[in-house]
Amino acid sequence: MKTMFRMLPILAVAALLAGCQGPCQKIDRISAPALTAGGADFTTYVAAGTSISAGYQSGALVDRHQIYSFPAIFARQIGKTVLLNGQGTFSEPTIDKDGIGTDALGNPVGIMKLVALPDSITTAFSVLGAPNNLAWPHPYSNLGVPGALMSDFAGLANAGAGYFPAVARGQGSIRNLLLAQAPTFVTLEYGANEVLGYATAGTMPSVALRTLIPAMYVDSVKSAVRTLHAQLPNTKIVLFTIPDVTSIPFATTLPAATVSLTTGLAVPLIGTGSSGSSGPLTPGKDLVTLKAAYFLNQGYGIPVGGYNFINPAVPGNGLPLPNAVVLGDDEKSALQTMAATMNDSLVAITLRTPYVALVDLHGLLADVKANGVWYGATHYTSDFIAGGLFSLDGVHPSDMGHVVICNALVDAVNARFGSTVPRANPADYAHLTSFSARPTGPATRAAMLHAGRGDLGLAGAFPQRY
Amino acid sequence: MRLHRTVLAAAVAVATLAPAAALAAGYGIYEQGAAVLGMAGAGTASVHDASAEFYNPAVLTRLEGRNFQLGGTWLSTHVSFAGTEPYPGYGVTESMKTGNFFPPTVYWTNHFAKKWAYGLGVNAPFGLGVDWENPDTFTGRTHVTKGLLRTINGNFSMAYAVRPNLSLGLGVDALFAGVELNQVMISPPLPGSSGATVNVARAHLEGGYASNYGWNAGALWMPKPDWKFGLAYRAPIDVDINDGTAKFTQIRTGNTALDSIVALSLPHDQGVATTLNFPSVLSLGAAWDPLPGWTWALDVTRTKWSAFKSLDFRFQKTPAADTSYVEDYEDSWRISVGAEHRLANSTYRFGYYYDGAAAPTQSVSPLLPDANRHGVTLGLGWKLGAKKAWNLDVYNLALFVENRSTDGKVQRSLNGIYKSYVNATGASLAYHW
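Definitions and limits used
Sequence order as written defines the numbering, with residues in each chain counted from 1. All chains are assigned letters beginning with A, and all ligands numbers beginning with 1, in the order in which they are written. With pLDDT at 70 or above as the cut-off, local features in this predicted model cover only qualifying residues; side-chain atom pairs require 80 or more to be listed or tallied, and sums for whole chains, interfaces and linings still use all residues. To obtain the side-chain values, all non-hydrogen atoms of the structure were included, while hydrogens and water were left out. Two residues qualify as a contact provided that any one of their heavy atoms is within 4.5 Å of a heavy atom in the partner residue. What counts as buried area is the accessible surface, traced by a 1.4 Å probe, that two parts surrender upon association, with contributions from both included. Only one rule defines a salt bridge in this text: a Lys or Arg side-chain nitrogen within 4 Å of an Asp or Glu carboxyl oxygen. For the purposes of these results, a polar contact is taken to be a pair of N or O atoms within 3.5 Å, where, inside protein, one atom must be able to donate a hydrogen and its partner to accept one; residues adjacent in sequence count only when each atom of the pair is a side-chain atom. Helix and strand labels come from DSSP, where a helix needs a run of H or I of at least four residues and a strand needs a run of E of at least two; each type is numbered from the N terminus. The residue classification treats Ala, Val, Leu, Ile, Met, Phe, Trp, Tyr, Cys and Pro as nonpolar and Asp, Glu, Lys and Arg as charged. All others, Gly included, are polar. Here, axes are lines fitted to C-alpha atoms. For helices the fit covers the stretch in contact, and angles between N-to-C directions go from 0 to 180 degrees. Roughly parallel here means an angle under 35 degrees, roughly antiparallel means over 145, roughly perpendicular means 65 to 115, and every remaining angle is called oblique. The hand of a helix crossing depends on one turn: near helix anticlockwise from the far one by less than a right angle means left-handed, and clockwise means right-handed. Two strands qualify as a pair provided DSSP detects at least 2 bridges between them. A 1.4 Å probe rolled over the protein chains alone gives each residue an accessible area, and that area as a share of the maximum for its type sets the label: buried under 20%, exposed over 50%, partly exposed in between.

## Digging into the interface of chain B and chain A
One frequently used descriptor of interface size is the decrease in accessible area upon assembly of the parts.
At step 1: Each partner contributes to the interface: chain B provides 50 residues, whereas chain A provides 49 residues.
At step 2: Of the roughly 4000 Å² buried where chain B meets chain A, counting both sides, 67% is carbon and sulfur surface.
At step 3: By the criterion of area lost to chain A, the three top residues of chain B are B:Pro191, B:Ser194 and B:Arg412, representing 15% of everything that side buries.
At step 4: Across the contact surface, chain B and chain A share 1 salt bridge.
At step 5: The shortest N-O distance in the salt bridge between B:Glu85 and A:Arg423 comes to 3.8 Å.
At step 6: At the junction of chain B with chain A, the criterion picks out 8 residue pairs in polar contact (both at pLDDT 80 or more).
At step 7: Listed by contribution, the elements that provide at least two residues to the side of chain B that touches chain A are strand E1 (67-83), strand E2 (93-95), helix H3 (256-265), strand E18 (346-355), strand E19 (373-384), strand E20 (390-401) and strand E22 (416-432) of chain B.
At step 8: Split into classes, the residues belonging to the side of chain B that touches chain A amount to 23 nonpolar, 22 polar and 5 charged.

## Concerning the packing of helix H14 (residues 361-371) of chain A against helix H15 (residues 399-417) of chain A
Residue and element names in this part refer to chain A.
At step 1: At a minimum axis distance of 11 Å, the contact between H14 and H15 shows a crossing angle of 135 degrees. Looking at the two axes, H14 sits oblique to H15. In this structure, H14 crosses over H15, and the sense of that crossing is right-handed. Within the contact between the two elements, H14 uses Leu-361, Leu-364 and Val-368 and H15 uses Val-404, Ile-405 and Ala-408.
At step 2: Taken together, the residues of the contact of H14 with H15 break down into 6 nonpolar, no polar and no charged.

## Things to note about the sheet that holds strand E6 (residues 142-144) of chain A
Residue and element names in this part refer to chain A.
At step 1: Read from one edge of the open sheet, 5 strands run E6-E1-E7-E8-E15, paired in parallel fashion. Strands at the two margins of the open sheet, each flanked by one partner only, are E6 and strand E15 (356-359). Here the strands of the sheet are splayed against their neighbours by 15 degrees on average, with no regard to which way each runs.
At step 2: Pairing of strand E8 (residues 236-240) with E15, which is carried by 4 bridges, proceeds in the parallel orientation.

## Brief notes about the pattern of salt bridges
At step 1: Considering all chains together, one arrives at 13 salt bridges over all chains under this definition.
At step 2: With a closest N to O distance of 3.0 Å, A:Asp98 and A:Arg64 form a salt bridge. You can see A:Asp98 sitting in the loop between helix H5 (70-77) and strand E2 (101-102) and its partner A:Arg64 sitting in helix H4 (residues 63-66), a full 34 residues away along the chain.
At step 3: Taking relative accessible area as the criterion, A:Arg64 reaches 27% and is therefore assigned partly exposed.
At step 4: A salt bridge links A:Arg423 to A:Asp411, with the shortest nitrogen-to-oxygen separation between them at 2.9 Å. Placement of A:Arg423 in the loop between H15 and helix H16 (442-453) and of A:Asp411 in helix H15 is noted, with a sequence separation of 12 residues between them.
At step 5: With a relative accessible area of 34%, A:Asp411 lands in the partly exposed category.
At step 6: A single network of salt bridges, built from pairs that share partners, joins B:Glu340, B:Arg342, B:Arg349 and B:Asp393.

Following this line, the structure appears as structure tokens:
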């Protein structure tokens, strides 16, 4: 018995270990590696570019997506504040309510909304918004302008057109507004409109333009980089390659063929090529853009006796789809060649310019199209509507798509300049955006159809130059 | 719209759960005798009670008379997780509910004929329990929210004293195993959304007890009175669970269109089959009595976890949903050192063991957060009763598990650092006559 009591201290130690403190406690959270600027300086960040930089999504520019543009996400990663009213330390020309977009006729409409599954997209339930940060006393940090060309960076030719008044407010060229802020870090995302603008219009530039456009683009890029560096020798600049037309769902969602209702075999759709002549398309080479849905809905493009997959109740009328909604193989190749020339020049500029980094947007979107992006157990893809990475217009990335672009930007900047900018966490940006309630009654649905928008309603909401 | 996942199941025990002597990584439990555990499980040569039935059947010839032993352990497990990139991201922390498990042991040993002995034993050589808090928001919920692996092993062994200082043993095992796995299924990105997903169903898989046979063997050699060397081997066993059930329960989201699509595409309740791989274990032990009343022991154990290559689920009605988790476990090593000091009426014991992880980095998961372990044990024993026929042994094992990082290598599941701690307190009560 005595030995038993002598052993009690040992038992007590054992019991203490059993009711442990330190080892039993929950693990501490792990913080992201601290932001360090390395060779870059993130004090003042200004973004210039197209609708992608602006955060244009689902056919409109609206504040609730402008705050999730990749420059805005990147700004948060480098410690800036981005507010819905556009008045954070990374300021933006925000537009309220359901934003401002344009329909095919150029009328202003709000953002597209997905109304009823499986595929009813309309702007009929959107409330047109207005810029609500026009009185901001400085140039905006985000100078992305939907529809901008590289030549619009320094030029004033389009100062009164489209979204320029909302962003530049007549105060000068985008370049001068950028320089006025003396930024230490700049992103220049241009080139998409030079190439993809033709894709969305379904047209092909002339032979001369196919050489001239890339040359003008490269010239404008070099001039911009030179001017910026001369005035701001310590500023770092990031350029972006131009995505391939086949990596966006706009060009790859609708098939170029359907099935025959009699034989069950595949039959190609009928379309008008770049030369003006019509005939069957070549599936696998010719592409049909989302804008074709408007015409398919009425039976155009579907051979007689073919299955109308957009609107099965309407039989195919055998008439061709207009050239504007067909991206023929020759048109596609011409645009791909132009983009390749432009991208090669961007790579060359970056290689010889130590203060320039390059984000390979072209490679990124091609990889995403092929493999998607896994986040935990969820697979995000470039699929239209259901993929999660592209918005309802099939061209512009969704908020989540912007996270993917931002993280590519983060990686490029960290690799080039030795900084440690933390990547954005997709979980912070995966949310519901474009849903709205079902139409309230049959009258509204009839009005929707009457407007000629059909079930997809896309043609009505997609502008020529975004 | 198709759902990503169709349920999977099958248990694989959590490495952290196995306290006791020769706890290998993975899902081994070598909590099989309080006296041996007091010495950090270095029992292959040193064991001298009825738990030899498990640790080294050859030792049965050295036990006097009849022995009956009942034992149990209270295992309590604490596991938590901190996230890094890419998923679930920095700043996320998760915890498992504190687990409490009670693997039992029962042993009976006796002699027959001049040099023969035999033993019967029932114990739980493998096991796992995983139960994450807040299952509906747990970031690893598509992998597992709650999982269980239970085993019961029945063993019959015989031993023969070839010479007074050399014994051999051989036994047969009947291993019964049962599993349960629970998961939450999430939708793909909701159409028109920017990546939002919602919980749409719960999956519950259950199977067992199924069984299979195995064998074990041992040898004990005493070249000198104060030196013993032991060898013990346990053969691998694969248990096929063919009649498991998979149940899917929809979680209504309130979005009627989504709910109807989920209702259409959710797999029906159906049968599911899987195979559980239980690895072979080879132990070499040495025991030395340097001073009167003292024994020092050393054991080296290799567990052939490379037998665990993947975790497969085969569905009866929807074979398209069949899933295979690649695990590619690696053989692991454990080394234990322990000491025992026998006094007049009591004994005290202490020991340390190191047990290497079996899971490669990319297989570390919320179901199997395997890691290297360091065990520290303390034990006490008393002879009780008028004739000292009763033996009571108690021990405590503090199992310090190294933090295990996924190093960003895990695909499609949690990346971050797992922290675990296990404590085991146990006792054995034996009667010999």
